[in-house]
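These are the residues of each chain, in order.
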Amino acid sequence: MLGCVRIATVRQMAQVITEEESDGRSYVRRAMVELDALGLAETNGKDGKHKIWNLTPAGQKALADGNELPPRPKVGTGAKAVRAGFGPHAVAVTDTILAYTDTVLGGRREYLTDWQVEVNHAIKETGLSFNTDAVLAVPTKTSEVRLFELDNGTMSRAHLAKEVWDYERYAGHRVWEGARGTIGGTYPFWQRHRYTRSTTFPRLHVVLAGKAEHLLDNRLQALTAAVQGITIAVWANTLPRLQRGEPWYEIGVDDPHRRRARYPEAVGR
């Protein structure tokens with residue numbers, strides 16, 4: 001599990017590996033102490049009173065050597081993020097992954113290997129660069145992709161709205177392709193260089209957490225107003241509602257034609 005989500009508490013790990021209505025936290029604590037003694041896992045901070053665990057570089061190497069996970073880009077262990085004070089945010093991301101797996105994917109734990117966290121999306125030509133908190137690649141014929149952005153109640157409403165609009169800017173960027181001496185054409189950057197098997201830009205899921213539910217509702221309403229007219233598919237929910245299996249709110253609709261009109265065409269060679 002730590003190889004997939006990078007950061008988790010004993011509570012979260014027990015939620016995955018123990019049967020429903022069973023409490024396996026004591027077992028997980030003993031297992032983590034053993035992994036710590038072997039130099040494969042470590043704790044670098046807390047979420048409240050709960051220790052936050054992550055694999056060490058040696059633990060990641062052991063996991064990779066065992067072919068337990070699909071090949072994925074090299075990432076850090078998450079230790080730096082915890083030491084820098086981002087532990088609660090990372091724990092909330094893990095809660096989001098577990099809640100979505102339980103309520104939307106039917107609790108099928110094998111889907112955990114299809115998640116990646118802190119996935120960078122960047123376009124060098126424009127300087128646009130941001131990290132998506134979690135990306136789910138559902139193993140279907142079309143390799144359906146879902147993007148997840150979590151706000152743990154620590155950023156301003158304006159900053160949250162800007163992060164959502166960054167996804168539209170990313171989706172709207174087009175690149176010119178064509179052999180020299182031919183007319184060529186332009187194509188969406190994401191479809192040529194990132195999600196090549198997707199027919200539409202992946203849906204963005206925004207999850208709000210870290211505050212009382214009535215305050216999360218206020219942030220949801222403010223976000224809905226702030227992204228009105230956006231041309232990518234955006235669904236939003238609060239973490240408590242997601243954990244209860246309640247429906248998502250659709251606050252943005254994919255519209256590639258209007259998106260293309262909004263962003264300038266790429267210049268040909």
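Parameters at a glance
- Residues numbered from 1 in each chain as written.
- Predicted model: local features only at pLDDT ≥ 70, side-chain atom pairs only at ≥ 80, totals over all residues.
- Heavy atoms only, no water.
- Helix = DSSP H or I, 4+ residues; strand = E, 2+ residues; numbered from the N terminus.
- Rg over C-alpha atoms; globule rule 2.2 N^0.38 Å.
- Buried < 20%, exposed > 50% of the residue type's maximum accessible area, 1.4 Å probe, protein only.
- Contact = heavy atoms within 4.5 Å.
- Areas by Shrake-Rupley, 256 points an atom, 1.4 Å probe, with all protein chains shown as cover.
- Lys, Arg positive; Asp, Glu negative; His and termini not counted.
- Charge placed at Lys NZ, Arg CZ, Asp CG, Glu CD.
- Expected span 1.5 Å × (residues − 1).
- Phe/Tyr/Trp six-rings, centres within 6.5 Å; stacked < 30°, edge-to-face > 60°.
- Salt bridge = Lys/Arg side-chain N within 4 Å of Asp/Glu carboxyl O.
- Pairing = 2+ DSSP bridges.
- Axes fitted to C-alpha atoms, helices over the stretch in contact; angles between N-to-C directions.

A. The overall build of the protein, seen in detail. In terms of regular secondary structure, the protein is built from 10 helices and 11 strands. Whereas a compact globule of 269 residues would reach a radius of gyration of roughly 18 Å, the protein reaches 20 Å, a difference of no more than 12%. By principal-axis analysis of the C-alpha atoms, the protein measures approximately 65 × 45 × 35 Å. Per-residue burial for the protein yields a buried fraction of 44% across its 269 residues. Relative to all contacts within the protein whose residues are 6 or more apart in sequence, the contacts with residues 24 or more apart total 58%. Carbon and sulfur atoms provide 52% of the accessible area of the protein, an area that totals close to 14,400 Å². Charged side chains in the protein number 36 positive and 31 negative. The centres of these two groups are separated by 5 Å.

B. Region of interest: helix H6 (residues 157-172). Taking 1.5 Å of rise per residue, 16 residues should cover 22 Å, and H6 covers 23 Å from first to last C-alpha, within 8% of that figure. Along H6, the residues that are buried comprise Leu160, Ala161, Val164, Trp165, Asp166, Tyr167, Glu168, Tyr170, Ala171 and Gly172.

C. Region of interest: the side chain of Gln12. As for its placement among the helices and strands, Gln12 is situated in helix H2 (residues 10-17). Once you skip the residues sitting within four places of it in the chain, Gln12 turns out to touch Met1, Ile7, Val91, Thr94, Asp95 and Leu98.

D. The arrangement of the packing of aromatic side chains in detail. Applying the stated criterion across every chain, the model contains 9 aromatic pairs. Consider the rings of Tyr100 and Phe148, whose centres lie 4.9 Å apart with planes at 80°: the pair is edge-to-face. Note that Tyr100 is positioned in helix H5 (residues 79-103) and Phe148 in strand S6 (residues 145-151), a separation of 48 residues in sequence. Owing to a relative accessible area of 7%, Tyr100 belongs among the buried residues under this scheme.

E. Seen up close, the pattern of salt bridges. Applying the stated criterion to the full structure yields 13 salt bridges. Residue Asp166 is joined to Arg169 by a salt bridge in which the shortest nitrogen-to-oxygen separation is 2.6 Å. Pair noted here: Asp166 and Arg169 are both in helix H6, with a separation of 3 residues, about one helical turn. According to the relative accessible area criterion, Arg169 is partly exposed, its value standing at 37%.

F. Fine view of the sheet that holds strand S2 (residues 41-47). Spatial ordering of the open sheet is given by S1-S3-S2, a layout of 3 strands whose pairing is antiparallel. A strand with exactly one partner marks an edge of an open sheet, and here the two such strands are strand S1 (8-9) and S2. Two strands pair when backbone bridges link them, and S2 and strand S3 (residues 50-55) are joined in this way by 6 bridges, in the antiparallel orientation. Each bridged residue has a counterpart across the sheet, and for Ala41 the counterpart in S3 is Leu55. On the sheet, H5 packs against S1, S2 and S3 and is oriented at approximately 75° with respect to S2.

Taken by themselves, the reported measurements are silent on function.
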